[in-house]
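Remarks on the overall topology
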Amino acid sequence: MMLGSVLNPINSTIIAVALVPIGRAFGAPPSQTAWLVSALYLATALGQPVVGRLIDIFGPRRLFLLSTGLVGVAGVVGTLAPNLGVLVAARVLLGFGTCAGYPAAMALLRSEAARTGKDSPAGVLTALAVANQTIAVVGPLLGGLVIGLGGWRFTFALNIPLAAAAVALGALRLPKQGGLDTAAEAGIGSGPETGSASESGSAPESGSGSASKSGSRAGRQLARQIDLPGMALFAAMLFSLLLFLMNLHASTWYLPVITLAAGAAFAVRELRAATPFIDLRVLGGNAPLLATYGRSLVAYVVSYAFLYGFTQWTEEGYGLSPFHAGLVQIPMFLVGIGVSVTVGRRDGVLGKLLLGAVGQIAACALMLTLGAGSPLWALVLLAVVFGVPQGSNSLALQNSVYFQSDPERTGSSAGLLRTFAYVGSMIASSATAASFGDHASTAGMHRLAWIMLAAGVLYLLITVLDRSLPRLAHRGRTP
């Protein structure tokens, strides 16, 4: 499950060092190669809750194997891509293929807790968080090494052995019964519509007609379980929103209109559906989980704005080379790993969230003091301070969703957490573009820091006002 969950971050980070050689190979400007980044985020933000819901219905095994196998296919397509369009398509496949790893891991934890009667996932949740942060450290370095050895196509080919290993391990180790992993457990071919002949008092049907009717009933029940109309409306709402956030311009005024219309239709559909894709009634009554999603959004606004915006300033405004700008970021990830390992041993999430909130505010305030004449050690210090919320927030948000979500919807709830994170990344991208304009100046970096500081304060307020958080300290000790 750790290997499956890191397929997304490794593809998110390794592309950063491959954009320039890919642009040279196809004669594409940065405005076009940027779609290699956006395509993965769009596909993942959309696919995570959808695949998570399918995992809730069918269990983690089959969705994990299917999606992770798609990663290998995407690796082949990307390796052999003749043009940039095919390469973007490969990144879309990668986005959908990497959707199952994290929701499957969370759903597996739930099913194992139900099977063993022991709910103590702190060690595994910490391991998942550390694995993802470790990949964030080695991803760009690994990408540079791979490109140096065999060119940018090797960054796509790397997915082939990784996917093969994940599929092999999943086939060998994942339980065949997980969540609702069988058709019977999913309610397909069972229930009132498929009662036995003895119960109905009639003779059993035979032949192809019986099989056809049974298959038709199973198909209808499966359609009700999956809620395809709800998924389609959710996709339209999210896709139009993310496209608008990626290109904030007056000419794209129609995109938020589509978002609102699709959102209204989605709400009507989900409130009327017998088995909704996202149960808005349950979600609306689960204020702690909604607060966690809100924290995730604002936390990743801060995180991604620093990751991309501050790094851009260190190159254009401060004068570092891309290699040295990457080295400045490494302390943040190393400190993040150390913080995750340390706080992961403690029960509860409130302390972790408060630590992350204070760390974000302190880092944003420190960012406001930097300029073109600041010493290099000040930039490294800022990266160290940012490492505290980097390690604490991701772990706390992950733990919160595990304990706050409906056990039968753990996969889709975990997927929604990632969706809110990616929406935060899109907001951060728009804020960075609006703050910098054509050049990443120090004044633009300070404008971005004020936006980040406001998000950090909002994160702290959402945390302090959430009275349900202290109770999570006790939920991890009993099933």
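Residues numbered from 1 in each chain as written. Predicted model: local features only at pLDDT ≥ 70, side-chain atom pairs only at ≥ 80, totals over all residues. Heavy atoms only, no water.

Taken as a whole and judged by the stated rule, the model has eleven aromatic pairs. Consider the rings of Trp253 and Tyr254, whose centres lie 6.2 Å apart with planes at 85°: the pair is edge-to-face. For Trp253, a relative accessible area of 59% corresponds to the exposed category. Residue classification places Tyr254 among the partly exposed positions, given a relative accessible area of 39%. Between Phe310 and Trp313 the ring centres are 5.6 Å apart and the planes differ by 35°, which places this aromatic pair in the tilted class. Taken together, the residues span about one helical turn, with Phe310 and Trp313 both in helix α17 (residues 287-316) at a distance of three residues. In this structure, Phe310 and Trp313 share a single accessibility class: buried. (Phe/Tyr/Trp six-rings, centres within 6.5 Å; stacked < 30°, edge-to-face > 60°. Buried < 20%, exposed > 50% of the residue type's maximum accessible area, 1.4 Å probe, protein only. Helix = DSSP H or I, 4+ residues; strand = E, 2+ residues; numbered from the N terminus.)

This part is about the side chain of Asn393. Considering the arrangement of structural elements, one finds Asn393 in helix α20 (residues 376-404). Here Asn393 falls in the buried class, since its relative accessible area comes to 6%. At 2.7 Å, the side chain of Asn393 forms a polar contact with the side chain of Tyr459. Discounting residues that sit within four places of it in the chain, Asn393 has contacts with Ala299, Lys352, Leu353, Gly356, Ala357, Gln360 and Tyr459. (Polar contact = N/O pair within 3.5 Å; in protein donor to acceptor, adjacent residues only side chain to side chain. Contact = heavy atoms within 4.5 Å.)

We now examine a nonpolar patch on the surface. Residues Leu354, Val457, Leu461, Val464 and Leu465 make up a contiguous nonpolar surface patch of about 440 Å² in total accessible area. Of the residues forming the nonpolar patch, the biggest block, three residues, is contributed by helix α22 (residues 442-464). Structurally, Leu461 can be placed in helix α22. (Patch = residues over 30% accessible without salt bridge, like charges linked within 9 Å, V, L, I, M, F, W, Y side chains within 5 Å. Areas by Shrake-Rupley, 256 points an atom, 1.4 Å probe, with all protein chains shown as cover. Salt bridge = Lys/Arg side-chain N within 4 Å of Asp/Glu carboxyl O.)

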